[in-house]
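# Reading the structure
The residues making up each chain are set out below.
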Amino acid sequence: MESSSFGRLIGALVAPGKTFRAIAERPTWAVALIVLLAAGTVVGVLANQRLDKDELRQTIKERIEKGQGQASAEQVERGVEMAEKVSSVTRWLIPVFAAAVYLLTNLFFWMAFRFFAGSGISYKTSFSVLLHAFLPQVISAVLTLPVLLSRESIGMEEARSGILASSLAAFAPEDTGKVLRSLLSSLDFFSIWTLILLVIGYHLAARVSKGTAAAIVLVLWALYVGGKVGLATLFG
């Protein structure tokens, strides 16, 4: 199972030790990347199409009023129309943005293991480990689809913090602030699963101790969460 690109999609989830050892010997990335991009695009497009229009209208009104003090109905409708036109284009660029994020994220991991752990891991091997470790996100996407299809609309905050009730944000009170909600959304079952796979994968592929792999993975994750919370604070 771990010898083929398609077998590794399952192997990374159910037999990570064997799969990441095989990846260390012969890294593959194309199939995993295509599956991740496809799952993310389908969920992203559906979620975008179901965003609550009234909430969008209210958000645009608040932004206009914040900038000039008063917003007419005509200005709000123009803003909504413009937002929908932009969204109709950008939603199909999700795989491009996602691929760029994976490449950039891999750069950070590759550099961290090369320079801080002294590993000789190649960029390609690191990329293969990263993508296969992120496969729990495909499971999350598959479980999210029925939820999306059963709903006529979803709130913007719900779309940001997660539609599937897999993080602590799903159980937070409605009056929870954006900053705290952003932090709670990071404490997600599938994210934790991904972190565990990253530690296993880099331990085997980068040939470093589990402690070193865990330290680097957790530090990079903490920096990501810190940046996410920082943006929530800035735009909250």
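So, here's what we can say about the structure. (Residues numbered from 1 in each chain as written. Predicted model: local features only at pLDDT ≥ 70, side-chain atom pairs only at ≥ 80, totals over all residues. Heavy atoms only, no water.)

## Topic: the overall build of the protein chain
Applied cut-off: Helix and strand assignments come from DSSP, with helices taken as H or I runs of at least 4 residues and strands as E runs of at least 2, each series counted from the N terminus. Residue exposure (1.4 Å probe, protein chains only): buried if accessible area is under 20% of the type maximum, exposed if over 50%, otherwise partly exposed. Residues are treated as being in contact if the distance between any of their heavy atoms lies within 4.5 Å. A residue counts as positive if it is Lys or Arg and as negative if it is Asp or Glu; His and the chain ends are not included. By convention, the charge on Lys lies at NZ, on Arg at CZ, on Asp at CG and on Glu at CD.
Of regular secondary structure, the protein chain possesses 12 helices and 0 strands. Secondary structure elements of the protein chain occur, N-terminal to C-terminal, as α-α-α-α-α-α-α-α-α-α-α-α. With respect to the three principal axes, the spread of C-alpha positions in the protein chain is 60 × 30 × 30 Å. Counting over 236 residues, the protein chain shows a buried share of 40%. Taking all contacts inside the protein chain whose residues are at least 6 apart in sequence as the whole, residues at least 24 apart take part in 64%. The centroid of the 22 positive side-chain charges in the protein chain is displaced by 13 Å from the centroid of its 17 negative side-chain charges.

## Brief notes about a nonpolar patch on the surface
For clarity, the threshold we go by: Exposure above 30% relative accessible area and the absence of a salt bridge qualify a residue for a patch, where like charges join within 9 Å and nonpolar side chains (Val, Leu, Ile, Met, Phe, Trp, Tyr) within 5 Å. Reported accessibility uses the Shrake-Rupley method at a 1.4 Å probe radius. Residues are deemed covered only where the shown protein chains occlude them. Only one rule defines a salt bridge in this text: a Lys or Arg side-chain nitrogen within 4 Å of an Asp or Glu carboxyl oxygen.
On the surface, Val 89, Leu 93, Val 96 and Phe 97 cluster together to form a nonpolar patch covering roughly 370 Å² of accessible area. Note on placement: Leu 93 falls in the loop between helix H5 (73-90) and helix H6 (94-115).

## A short note on H6
The line we're drawing: Expected helix span is given by 1.5 Å per residue-to-residue step, counting one fewer step than there are residues. Read the arc as the range of directions from the helix axis to the C-beta atoms.
Under the 1.5 Å per step criterion, the end-to-end length of H6 is 31 Å for 22 residues, consistent within 8% with the ideal 32 Å. Taken together, the buried positions of H6 are Ala 99, Tyr 102, Asn 106, Phe 109, Ala 112 and Phe 113. Considered in projection along H6, the buried side chains sweep an arc of 150 degrees and stay on one side of the axis. In H6, those exposed residues whose orientation departs by more than 90 degrees from the buried face are Val 96 and Phe 115.

## Details of the packing of helix H1 (residues 5-14) against helix H3 (residues 30-49)
Axis angle and axis distance: for two packed helices, these are the angle between their axes and the distance between the axes, and together they describe the pair. Test applied: Note on geometry: axes are lines fitted to C-alpha atoms, helical ones only across the stretch in contact, with angles between N-to-C directions running from 0 to 180 degrees. By convention the crossing between two helices is left-handed if the near helix lies anticlockwise of the far one by an angle smaller than a right angle, and right-handed if it lies clockwise. Charged residues are taken to be Asp, Glu, Lys and Arg, nonpolar residues to be Ala, Val, Leu, Ile, Met, Phe, Trp, Tyr, Cys and Pro, and polar residues to be all remaining types, Gly included.
Following both chains from N to C, one finds H1 and H3 inclined at 60 degrees, their axes separated by 8 Å at the closest point. Note on packing geometry: the crossing formed by H1 with H3 is right-handed. Residues Ser 5, Phe 6 and Leu 9 of H1 form the contact with H3, whose participating residues are Val 31, Ala 32 and Val 35. Looking at side-chain class alone, the contact of H1 with H3 contains 5 nonpolar, 1 polar and no charged residues.

## Quick look at the pattern of salt bridges
This model, assessed by the stated rule, comprises 1 salt bridge. Across the pair Glu 25 and Arg 207 runs a salt bridge, and its minimum N-O distance is 3.5 Å. Of this pair, Glu 25 sits in helix H2 (residues 16-25) while Arg 207 sits in the loop between helix H11 (189-205) and helix H12 (210-235), and the two are 182 residues apart along the sequence. Accessibility assignment for this pair places Glu 25 and Arg 207 in one class, exposed.

## A short note on the side chain of Thr 41
Looking at where Thr 41 falls in the secondary structure, it is placed in helix H3. Residues within four places of Thr 41 in sequence aside, it is in contact with Ile 94 and Pro 95.

## A short note on the side chain of Thr 125
With respect to the element layout, Thr 125 can be found in helix H7 (residues 123-133). Among the residues examined, Thr 125 registers a relative accessible area of 8% and is labelled buried. Leaving out residues up to four positions away in the same chain, Thr 125 has contacts with Ile 23, Ala 24, Pro 27 and Ala 205.

## Brief notes about the packing of aromatic side chains
Quick note on the threshold: Any two rings among Phe, Tyr and Trp, with Trp reduced to its six-membered ring, count as a pair given centres within 6.5 Å; such a pair is stacked if its planes are under 30 degrees apart, edge-to-face if over 60, and tilted if neither.
A complete count under the given rule lists 9 aromatic pairs for this structure. For the ring pair Trp 110 and Tyr 123, a centre distance of 5.8 Å and an interplane angle of 80 degrees mean the geometry is edge-to-face. Linking Trp 110 in helix H6 with Tyr 123 in helix H7, this pair joins segments that are 13 residues apart in sequence. Judged by relative accessible area, Trp 110 falls into the partly exposed class, the value being 22%. Judged by relative accessible area, Tyr 123 falls into the partly exposed class, the value being 29%. Aromatic rings pair up to connect Trp 29, Trp 110, Tyr 123 and Phe 127 into one cluster.

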